[in-house]
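Spelled out, the chains give:
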Amino acid sequence: MPQVVVAGPASWNSIVRVGALPTGPGTQFASGHDDALGGTSAGKALTLARLGVDVTLRTALGDDDAAAHIREALTHPRLTVAAAVGHGPSERHLNLMTPDGARASVYLHLPPDPGPVPAAVTEAVAWADVVVADLADHVRAVLPIARAAGVPLWCDLHDWDGVTGFHREFADAADVVVASEERLPGVRAFLAERVAAGARWAVCTAGARGAVGLGRTEGWVQVPAVPVARVLDTNGAGDAFVAGLLLGHLEGRDLRAAMHLGAAAGALTVASPGLVADADADTVHALAGPL
């Protein structure tokens, strides 16, 4: 059975639905609001678990009520939460969401420093098929552990501009990189640079316009987004794409097939409320179609 270690943020978020994102001072009424699981690593870990992958999530939590909510939301028989607990609040965001899926996210709290990587997580890395290292300062300590163990390292660079220094260590360490096209001045040039630097796969997502990727052996691949009847919640769509892509890798599929699985997982998430769709691997395969 495949095993994956995901390292990075898990949060408890306040989701506020508004007609449009603010463009300046003013007042508007929300159409609804609720609190829910957030965090890019939480989204990947729970999606992978629902897809049938055994996952260890290395994250940082506080000692507040939000931590209990996060743990409850992450309950799954295939998911082990290896959380470092510190004194203080857990990570929290305020997300303003519009009906077309646009989002403005405000960090309310960052988690306490989790300290050194414990032996149990180092052992989990050694046994893992893949380590996913998400963007957080405390995850930097996981990068050399994965490299020393010879375990393939995946990094989701989100909306990196290709320049900002915070992301560079993650990008340079990764065997597979995924990024959004949102802030990249040249998508194909960026992907070619990453593969030339040593990545096996480099993939860039473009929301409803699908995704483009470059494989060291497969060359250029472009796949469309999977259409959905109605977008309910775009939170977690990128994380679901990475999880679907990773599922394809673990199944031994090539880049094109894996990207189709990523697109299907992302579509199921945006068509569902909350961070993670309630869907298994069979559902993702059925939506992806023949591979």
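One structure accompanies this document, and this report is about it. Just so we're clear, the structure is a prediction, and the values are computed from it rather than from any experiment.

Quick notes on the rules
Per chain, residue numbering runs from 1 following the sequence as it is written. Reporting of local features is limited, given that this is a predicted model, to residues whose pLDDT is at least 70; pairs of side-chain atoms are given and counted only at 80 or more, and all residues count toward the totals for whole chains, interfaces and linings. Side-chain descriptors were evaluated using all non-hydrogen atoms of the structure, hydrogens and water having been removed beforehand. Two strands pair under a simple rule: DSSP has to find at least two bridges between them. Secondary structure counts use DSSP, requiring at least four H or I residues in a row for a helix and at least two E residues in a row for a strand, with both numbered from the N terminus. In this analysis an axis means a line fitted to C-alpha atoms, helices contributing only their contacting stretch, and an angle means the value between N-to-C directions, from 0 to 180 degrees. We call two residues in contact whenever any of their non-hydrogen atoms come within 4.5 Å of each other. Throughout this description, buried means an accessible area under 20% of the type-specific maximum (1.4 Å probe, protein chains only), exposed means over 50%, and partly exposed covers the range between. Taken from the helix axis, the directions to the C-beta atoms give the arc we talk about. Positive charges come from Lys and Arg, negative ones from Asp and Glu, while His and the chain ends are left out of the count. Any Lys or Arg side-chain nitrogen found within 4 Å of a carboxyl oxygen on Asp or Glu counts as a salt bridge. For the purposes of these results, a polar contact is taken to be a pair of N or O atoms within 3.5 Å, where, inside protein, one atom must be able to donate a hydrogen and its partner to accept one; residues adjacent in sequence count only when each atom of the pair is a side-chain atom. Within this scheme a cavity is a closed region of a 1 Å grid, computed over the protein atoms alone, that accommodates a 1.4 Å probe without allowing it to escape, whereas a pocket is open but has protein on both sides within 12 Å along at least five of seven lines; lining residues each have an atom within 4 Å of a point. Grid points are joined across faces, edges and corners, and a volume is the space filled by probe spheres set on the points. Residues were grouped as follows: Ala, Val, Leu, Ile, Met, Phe, Trp, Tyr, Cys and Pro as nonpolar; Asp, Glu, Lys and Arg as charged; and all remaining residues, including Gly, as polar. Crossing handedness is defined as follows: a turn of the near helix away from the far one that is anticlockwise and smaller than a right angle gives a left-handed crossing, while the clockwise case is right-handed. Aromatic rings from Phe, Tyr and Trp, with only the six-membered ring used for Trp, were paired whenever their centres fell within 6.5 Å, and each pair was classed as stacked if the ring planes differed by under 30 degrees, edge-to-face if by over 60, and tilted otherwise.

## Focus: the sheet that holds strand β1 (residues 3-7)
Inference 1: The nine strands are arranged β5-β4-β1-β8-β9-β10-β11-β12-β13 in an open sheet whose pairing can be described as mixed. Each edge of the open sheet is held by one strand with a lone partner, namely β5 (79-85) and β13 (219-223). Averaged over all neighbouring strand pairs, the angle between strand axes comes to 15°, with direction disregarded.
Inference 2: When β1 meets strand β4 (residues 54-61), the two strands line up parallel, connected through five bridges. Within β4, the residue paired with Gln3 across the bridge is Asp54.
Inference 3: Its contacts with the sheet put helix α6 (residues 187-196) on β9 (153-158), β10 (176-180), β11 (201-205), β12 (211-215) and β13, and the angle it makes with β12 is roughly 30°.

## Description of the sheet that holds strand β2 (residues 11-17)
Inference 1: Strand order in the open sheet formed by four strands is β3-β2-β6-β7, with mixed pairing between adjacent strands. Among the strands making up the open sheet, the edge pair consists of β3 (32-38) and β7 (103-109). Each strand axis lies, on average, 20° off the axis of its neighbour in the sheet, ignoring direction.

## Considerations on α6
Inference 1: Buried within α6 we find Val187, Phe190, Leu191, Arg194 and Val195. The buried residues of α6 occupy one face: seen down the axis, they fall within an arc of 130°. In α6, those exposed residues whose orientation departs by more than 90 degrees from the buried face are Ala189 and Ala196.
Inference 2: Among the structural elements, β9, α5 (165-173), β10, β11, β12 and β13 are those in contact with the buried residues of α6.
Inference 3: Phi for Gly198, located one or two positions after α6, is positive at around 125°.

## Here we look at unusual backbone geometry
Inference 1: One non-glycine residue, His158, lies in positive phi territory at about 55°.
Inference 2: The residue His158 is located in strand β9 in this model.

## Quick word on the side chain of Glu91
Inference 1: Tracing the backbone shows Glu91 in the loop between β5 and β6 (92-97).
Inference 2: One buried charged residue, Glu91, remains without a salt bridge, the closest side chain of opposite sign being Arg92 at 10 Å.
Inference 3: Polar side-chain contacts of Glu91 include one of 2.7 Å to the side chain of His93.
Inference 4: Sequence-distant contacts of Glu91, that is, excluding residues within four places in its chain, are made with Pro9, Ala10, Ser11, Trp12, Tyr107, His109, Leu110 and Pro111.

## A word on empty space enclosed by the protein
To locate leftover empty space, one rolls a probe as large as a water molecule over the atoms.
Inference 1: Considering all chains together, one arrives at one cavity of 30 Å³ or more under this definition.
Inference 2: For the largest cavity, the full set of lining residues is Thr47, Arg50, Leu51, Ala265, Leu268, Thr269, Val276, Ala277, Ala279 and Val284.
Inference 3: If you list the elements that add at least two residues to the lining of the largest cavity, you get α1 (40-50) and α8 (255-270).
Inference 4: The leading source of residues in the lining of the largest cavity is α8, at three residues.
Inference 5: In terms of residue class, the lining of the largest cavity is built from seven nonpolar, two polar and one charged.

## With respect to the packing of helix α7 (residues 237-250) against α8
Inference 1: Taken N-terminus to C-terminus, the directions of α7 and α8 make an angle of 145°; their axes are 7 Å apart at the nearest point. By crossing handedness, the relation of α7 to α8 is classed as right-handed. Packed against α7, whose contacting residues are Ala237, Ala240, Phe241, Gly244, Leu245, Gly248 and His249, the element α8 presents Leu255, Ala258, Met259, Leu261, Gly262, Ala263, Ala265, Gly266, Thr269 and Val270 at the interface.
Inference 2: Among the residues making up the contact of α7 with α8, the classes are represented as 11 nonpolar, six polar and no charged.

## What about the packing of aromatic side chains?
Inference 1: The full count for this structure, using the stated rule, is three aromatic pairs.
Inference 2: When the ring of Trp154 is compared with that of Trp201, the centres are 6.1 Å apart and the planes differ by 70°; the resulting orientation is edge-to-face. Linking Trp154 in strand β9 with Trp201 in strand β11, this pair joins segments that are 47 residues apart in sequence. Each member of the pair, Trp154 as well as Trp201, is classed as buried.
Inference 3: Judged by centre distance (5.9 Å) and plane angle (80°), the rings of Trp160 and Phe190 are edge-to-face. Of the two residues, Trp160 sits in the loop between β9 and α5 while Phe190 sits in helix α6, which places them 30 residues apart along the sequence. With respect to class, Trp160 is no different from Phe190; both count as buried.

## Digging into the environment of Gly274
Inference 1: Residue placement: Gly274 occurs in the loop between α8 and α9 (281-288).
Inference 2: By relative accessible area, Gly274 is classed as partly exposed at 25%.
Inference 3: When sequence neighbours within four positions are dropped, the list of residues in contact with Gly274 reads Asp233 and Asn235.

## Focus: α9
Inference 1: Buried within α9 are the following residues: Ala281, Val284, His285 and Ala288. Seen along its axis, α9 keeps its buried residues to an arc of 100°; they face one direction. Summarising the geometry of α9, the exposed residues directed more than 90 degrees from the buried face are Asp282 and Ala286.
Inference 2: Packing partners of the buried residues in α9 comprise α1, α7 and α8.

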